[in-house]
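Residue strings, one per chain:
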Amino acid sequence: MALVSAKEMCAKAKAGHYAVGQFNINNLEWTKAILEVAQEKQSPVILGVSEGAGKYMGGYDAVVGMVNGLIKDLGITVPVALHLDHGSYEGCYKCIKAGFSSVMFDGSHFPFEENLAKTTELVHVTSQLGLSLEAEVGAIGGEEDGVVGQGECADPAECKTIADLGVSILAAGIGNIHGKYPENWAGLSFETLDAIQQQTGDMPLVLHGGTGIPADQVKKAIELGVAKVNVNTECQLAFAKGVREYIEAGKDLEGKGFDPRKLLAPGVAEMKKTVIEKMELFGSVGQA
Ligand SMILES: [Zn+2]
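The structure presented is a predicted model; accordingly, all values stated were derived computationally and were not measured.

Calculation notes
Residues numbered from 1 in each chain as written. Predicted model: local features only at pLDDT ≥ 70, side-chain atom pairs only at ≥ 80, totals over all residues. Helix = DSSP H or I, 4+ residues; strand = E, 2+ residues; numbered from the N terminus. Rg over C-alpha atoms; globule rule 2.2 N^0.38 Å. Buried ≥ 20, exposed ≤ 12 C-beta atoms within 10 Å, placed from the backbone. Contact = placed C-beta atoms within 7 Å. Axes fitted to C-alpha atoms, helices over the stretch in contact; angles between N-to-C directions. Left-handed = near helix turned anticlockwise from the far one by under 90°. Nonpolar A, V, L, I, M, F, W, Y, C, P; charged D, E, K, R; others polar. Pairing = 2+ DSSP bridges. Core = buried A, V, L, I, M, F, W, Y, C linked by C-beta atoms within 7 Å.

Quick word on the overall build of the protein chain
Here comes step 1: Each helix and strand in the protein chain was counted, giving 12 helices and 10 strands.
Here comes step 2: Against the globule reference of 19 Å for 288 residues, the protein chain gives a C-alpha radius of gyration of 18 Å, in line with a compact fold.
Here comes step 3: Dimensions of the protein chain along its principal axes, counting C-alpha atoms only, are 60 × 45 × 35 Å.
Here comes step 4: Of all 288 residues assigned to the protein chain, the portion counted as buried reaches 48%.
Here comes step 5: In the protein chain, the proportion of contacts linking residues at least 24 apart, taken out of those at least 6 apart, comes to 71%.

As C-alpha cells, this is what we get:
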C-alpha cells in the first residue's frame, strides 16, 4: 500500500473518539518495528521524522526510499503516513519534493502574522498534491529549553484563524512539553483544550510531547478532540533500556552476540512493547 495523507486517518479518529499515534523514526530498525506492530495490531500509523533524524538517516530521499521499501517488502496493508515533524518552511518543501505524504510546518516561533502567511501558502501547496499539513499555534516547550512548570497554552482564537485556513491537523500548546516532564509540571490544561475544540469544531487536534503524560490525562485529551498523539522520547528510553540490559548482562561478549542484529534486537523488542501500549491507550488498534 502506498503512503497516505494523515488527513483522512485523523478525521476518522476524531469522529471515532480515538487517536492515531505518531511514532518518530531514527533508522531502519525503528521503522521496521513500528510498521510491524501497526500491521499486527491493524492500526493506522504516522511515522514522524524530525529534520535532525532526516539528516541522520542520510536525507529525505533515503527516508522515503526506506519507508516505501519496507511497506512493500513487509506487505504492510494498514494506512501509513510519512510525516515531517516540526518542519521549517524550507524543510517542508524538501520533504514534499522527496515524497513525504504529510508535513508539519512549525511556524509557532514566528510572529503570528508570519506564521499565518506561510501556513496559508503551504495549505495551497499540500492540498493540491493531496498531502496533509499540520500547523502549530502556541509553542510547545521542552525541558531542554529550560521550560519548567507548564508549557505554553495556545490562544483559542488564533487556533481558529489557523484552522480556518484549511490545515489538515492542528497542534496547539495545552501545557504539554517535549521530552521528560519536570516533577513540578502542572498537567495538561483541559480548559484550554476545551476552548480550542469549541473554536475549531471538527479539526483533529494534535498532542505533542506524549512521553510522561499520565494515561488518564491522555484519554481525557482524546475525549476532548485530540486525534493524533506524538510519541518519541518514550520509544527512545525503551530502546536504550533493552540495549543496556543486553550489554550489562555481557551478552555482546558471548558467541556472536556482537552482531548488530543481535545487539539491537532487545532494544527493538522493548520499543515494540511501548508502541503496542500506546496504540492500545490511544484506541487505534483495529481501526485500520
Ligand atoms: Zn512536537
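What to know about the packing of helix 7 (residues 156-163) against helix 8 (residues 190-200)
Here comes step 1: As a packed pair, helix 7 and helix 8 sit with axes 9 Å apart at the nearest point and diverge in direction by 35 degrees. Crossing hand, helix 7 versus helix 8: right-handed. Between helix 7 and helix 8, the residues in contact are P156, A157, C159, K160 and A163 and A195, I196, Q199 and T200, respectively.
Here comes step 2: When the residues that make up the contact of helix 7 with helix 8 are grouped by side-chain class, the tally is 6 nonpolar, 2 polar and 1 charged.

Observations concerning the pairing of strand 7 (residues 169-172)
Here comes step 1: Of the two faces of strand 7, the one holding I169 and A171 and the one holding L170 and A172 are both buried throughout.
Here comes step 2: Pairing of strand 5 (residues 132-137) with strand 7 involves 4 bridges; the strand directions are parallel. Residue pairing across strands places E134 opposite I169, the latter belonging to strand 7.
Here comes step 3: Pairing of strand 7 with strand 9 (residues 205-207), which is carried by 2 bridges, proceeds in the parallel orientation. Across the sheet, A171 pairs through a bridge with V206, a residue of strand 9.

A word on the nonpolar core
Here comes step 1: Core analysis: the biggest nonpolar cluster contains 79 residues, and I34, L47, V80, V103 and L170 have the highest contact counts within it.
Here comes step 2: Ranked by residue count, the leading element in this core is helix 2 (residues 28-40), at 6 residues.

Examining the sheet that holds strand 10 (residues 226-231)
Here comes step 1: Read around the barrel, 8 strands follow the order 1-2-3-4-5-7-9-10 and close on themselves; strand pairing throughout is parallel. Between one strand axis and the next, the sheet turns by 25 degrees as a mean value, whatever way the strands run.
Here comes step 2: Direction of pairing for strand 1 (residues 20-24) relative to strand 2 (residues 45-50): parallel, over a ladder of 3 bridges. Note that in strand 2 the partner of Q22 across the bridge is I46.

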